[in-house]
Amino acid sequence: MSLAIVIMAAGKGTRLKSQRPKVLHAIGGKPLLGHVIAAASQVIRPDDIYVVVGHHAKQVEAAIESTGVRFVLQPEQLGTGHAIQCAQQAIAEYADVVVLSGDVPLIRPETIEALRSFHTQHDAAMTILTAAPSDPHGYGRIVRAENGVDVDSIVEQKSLAPGQEKIAEINSGIYVFCVAALIRHLHQLTAGNSQKEFYLTDMAEILRRAGERVVALQAEEPTEVLGANTIAELVALDASLRNRTAQKLMAEGVTVFRPETCVIDAGVEVAPDTVIEPYVQLLGRTKIGSDCLIRSGTVIENSTLADKVLVRQSCIITDSVIGSDAKIGPFAHLRPGSEIGPEAHIGNFVETKKAKLGRGAKANHLSYIGDAEVGAATNIGAGVITCNYDGVNKHQTIIGEGVFVGSDSTLVAPISIGSGAYIGAGSCITREVPADALAVGRSRQVTKEGWAAAKRTRRAKQCEN
Ligand code: UD1
Ligand code: CA
């Protein structure tokens, strides 16, 4: 039987009090809608997924275009029932439709499948995914029929009759419909409620009255169907998602100390025996090998670390690659395009950008290495700066293998230093240095014996007069 999935994502999200459309607010480093599409895409091909857009439609479409889903426009946001009315033509040829909410992001593909099987088993016209969270306030409530399986109606929070506030079972905003039954009765929705909206939830009562079967399946884990209508709810969902990721990594052999303090995006991969200390952020497409230690306060984004890498406290590593057994930090800043070779050391207050360091190269203290290549086993002394920018263009610094660059030297690019060369401390190097040469680029020291003592004597005499 053919299946479509419709994701309702046209709403404004008034309760977030934000300029950004609600479904583009991110949790776990990814927009709410991105999570829902990811789950739906594990159930069917993106070709059969229809996203209803309306509020800031162009912006929402642009953000998720690459997923290959189709779009349905809801020109005015007249409620969830109206959103599905707008999708009616698109889904008319399918047998069943799963309806998801763009602001209920933790839904798992397994649960969508289970809901659909339950729907088929019960030969229902409408099947509702429900839950019993600790606080049901704000959600539509499920009024069960006497047999406990069927549903009489869904009552929205604002329409609850006295006593109904106590109903613990809530509507998740996720449903399966038999398309034929849905389309037969969809036009019966009215906006006769306090919000003057067409509520999709009214379909339960409409179908039931028409003699169709409406059933509900309760999710075992209520957090999976929590919605995000306010910033506080968004942050709670984010915590719940990050926790899910940390738990998954731990199940795979990674140690995450104080996981509640760490921010780990869902797509991050970490190999076993790596230890992540508290207050670490691992973001985007970051990949970390085995036996690494990532110490507190470090933020790693879109970067790849091989095995046995030590990243000491408070490093920022972005769009970079680090080889095995390398040691980074503390307080190092690896900007995009940094490639740190195996066994290399990047020490405290060292900044790199578009810089490639060979095996065992070391820059241990207070340096800037930008637009540079540094050969294997080269030592960059404290305070060395590559002067890569002339105010208009960026220039390259090429340093060979086994070079010793003395402390506090400035290397004015474009420049190259041959393998095995020595640069005297405090040099300003402006011309090429051949292999195995010594280059010293500083003015000679002048020493005047007794000069300071003589000055003090003169000063003392002036004061007497
Ligand atoms: C809805 C349900 C409520 C349920 C809750 C679960 C209705 C009337 N109520 O309430 O029973 O407990 O979800 O989270 O359905 N949307 C559109 N077009 C519109 C209006 C909304 O596409 O005209 C989209 C929104 O972008 C959102 C989803 O539908 O992704 C749900 O809308 P929202 O306004 O958040 O509904 P709730 O009040 O949360
Ligand atoms: Ca909602």
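Everything quoted here is computed from the prediction, not taken from an experiment.

Visitor: What's the story with the overall build of the chain in this structure? I'm lost.
Guide: Along the chain, the regular secondary structure elements total eight helices and 39 strands. Since a compact globule built from 465 residues should have a radius of gyration of about 23 Å, the 32 Å found for the chain marks it as more spread out than a globular shape. Along the first, second and third principal axes, the C-alpha set of the chain runs to 110 × 60 × 40 Å. Within the chain, the fraction of its 465 residues that count as buried is 47%. Excluding contacts between residues fewer than 6 apart, the proportion of contacts in the chain whose partners are at least 24 apart in sequence is 40%. With the model as given, the accessible surface of the chain reaches about 22200 Å², and the carbon-plus-sulfur share is 51%. The average position of the 46 basic charges and that of the 50 acidic charges among the side chains of the chain differ by 10 Å.

Visitor: Sorry, what's going on with the domain arrangement of the chain here?
Guide: The parts lose accessible area when they come together, and the size of an interface is often stated as this lost area. Split by domain assignment, the chain resolves into domain 1 (3-225) and domain 2 (254-439). The straight-line distance from the C-alpha centre of domain 1 to that of domain 2 is 49 Å.

Visitor: What am I meant to see in the coordination of the calcium ion (ligand 2) here?
Guide: On the protein side, the calcium ion (ligand 2) has Asp 103 (OD) and Asn 229 (OD1) as donor atoms, found 2.2 to 2.5 Å from it. Of this pair, Asp 103 sits in the loop between strand E6 (96-101) and helix H4 (109-121) while Asn 229 sits in the loop between strand E11 (214-218) and helix H7 (231-251), placing them 126 residues apart in sequence. Its relative accessible area of 15% is what places Asp 103 among the buried residues. A relative accessible area of 17% means that Asn 229 is categorised as buried.

Visitor: Got a minute to help me understand the site of ligand 1 in this structure?
Guide: The immediate surroundings of ligand 1 are formed by 25 residues, with Gln 74, Gly 79, Thr 80, Glu 156 and Asn 171 found nearest. Here an oxygen atom of ligand 1 and a side-chain polar atom of Asp 103 are 3.1 Å apart. Gly 140 is positioned with one of its backbone polar atoms (N or O) 2.9 Å from an oxygen atom of ligand 1. For ligand 1, whose accessible area on its own is 750 Å², the fraction buried by protein is 91%. Of all the secondary-structure elements, those providing two or more residues to the shell around ligand 1 are helix H3 (80-91) and strand E10 (170-178). Sort the elements by how many residues they give to the shell around ligand 1 and E10 lands first, with three residues. Here the residues of the shell around ligand 1 are counted per class, giving eight nonpolar, 13 polar and four charged.

Visitor: Just to check I follow, could you spell out the packing of aromatic side chains for this structure?
Guide: How two aromatic rings sit relative to each other is given by the distance of their centres and the angle of their planes. Applying the stated criterion across every chain, the model contains four aromatic pairs. Seen in terms of ring centroids, Tyr 50 and Tyr 94 are 6.0 Å apart; in terms of plane orientation they differ by 75 degrees. Their pairing is edge-to-face. With Tyr 50 in strand E4 (residues 49-53) and Tyr 94 in the loop between H3 and E6, this residue pair connects regions lying 44 residues apart in the sequence. For Tyr 94, a relative accessible area of 15% gives the class buried. Summarising the aromatic geometry, the rings of Phe 331 and Phe 349 are spaced 5.3 Å apart at their centres and angled 5 degrees between planes, so their arrangement reads as stacked. Highlighted residues: Phe 331 in the loop between strand E24 (327-328) and strand E25 (333-334) and Phe 349 in the loop between strand E27 (345-348) and strand E28 (351-357), separated in sequence by 18 residues. Just above the ring of Tyr 389 sits the side chain of Lys 394; from NZ or CZ to the centre is 5.0 Å.

Calculation criteria
- Residues numbered from 1 in each chain as written.
- Chains lettered and ligands numbered in written order.
- Predicted model: local features only at pLDDT ≥ 70, side-chain atom pairs only at ≥ 80, totals over all residues.
- Heavy atoms only, no water.
- Helix = DSSP H or I, 4+ residues; strand = E, 2+ residues; numbered from the N terminus.
- Rg over C-alpha atoms; globule rule 2.2 N^0.38 Å.
- Buried < 20%, exposed > 50% of the residue type's maximum accessible area, 1.4 Å probe, protein only.
- Contact = heavy atoms within 4.5 Å.
- Areas by Shrake-Rupley, 256 points an atom, 1.4 Å probe, with all protein chains shown as cover.
- Lys, Arg positive; Asp, Glu negative; His and termini not counted.
- Charge placed at Lys NZ, Arg CZ, Asp CG, Glu CD.
- Domains from an automatic or database assignment.
- Donors = N, O, S within 2.8 Å, 3.2 Å for Na, K, Ca; no water.
- Near = heavy atom within 4 Å.
- Polar contact = N/O pair within 3.5 Å; in protein donor to acceptor, adjacent residues only side chain to side chain.
- Nonpolar A, V, L, I, M, F, W, Y, C, P; charged D, E, K, R; others polar.
- Phe/Tyr/Trp six-rings, centres within 6.5 Å; stacked < 30°, edge-to-face > 60°.
- Lys NZ or Arg CZ within 6 Å of the ring centre and 35° of its normal.

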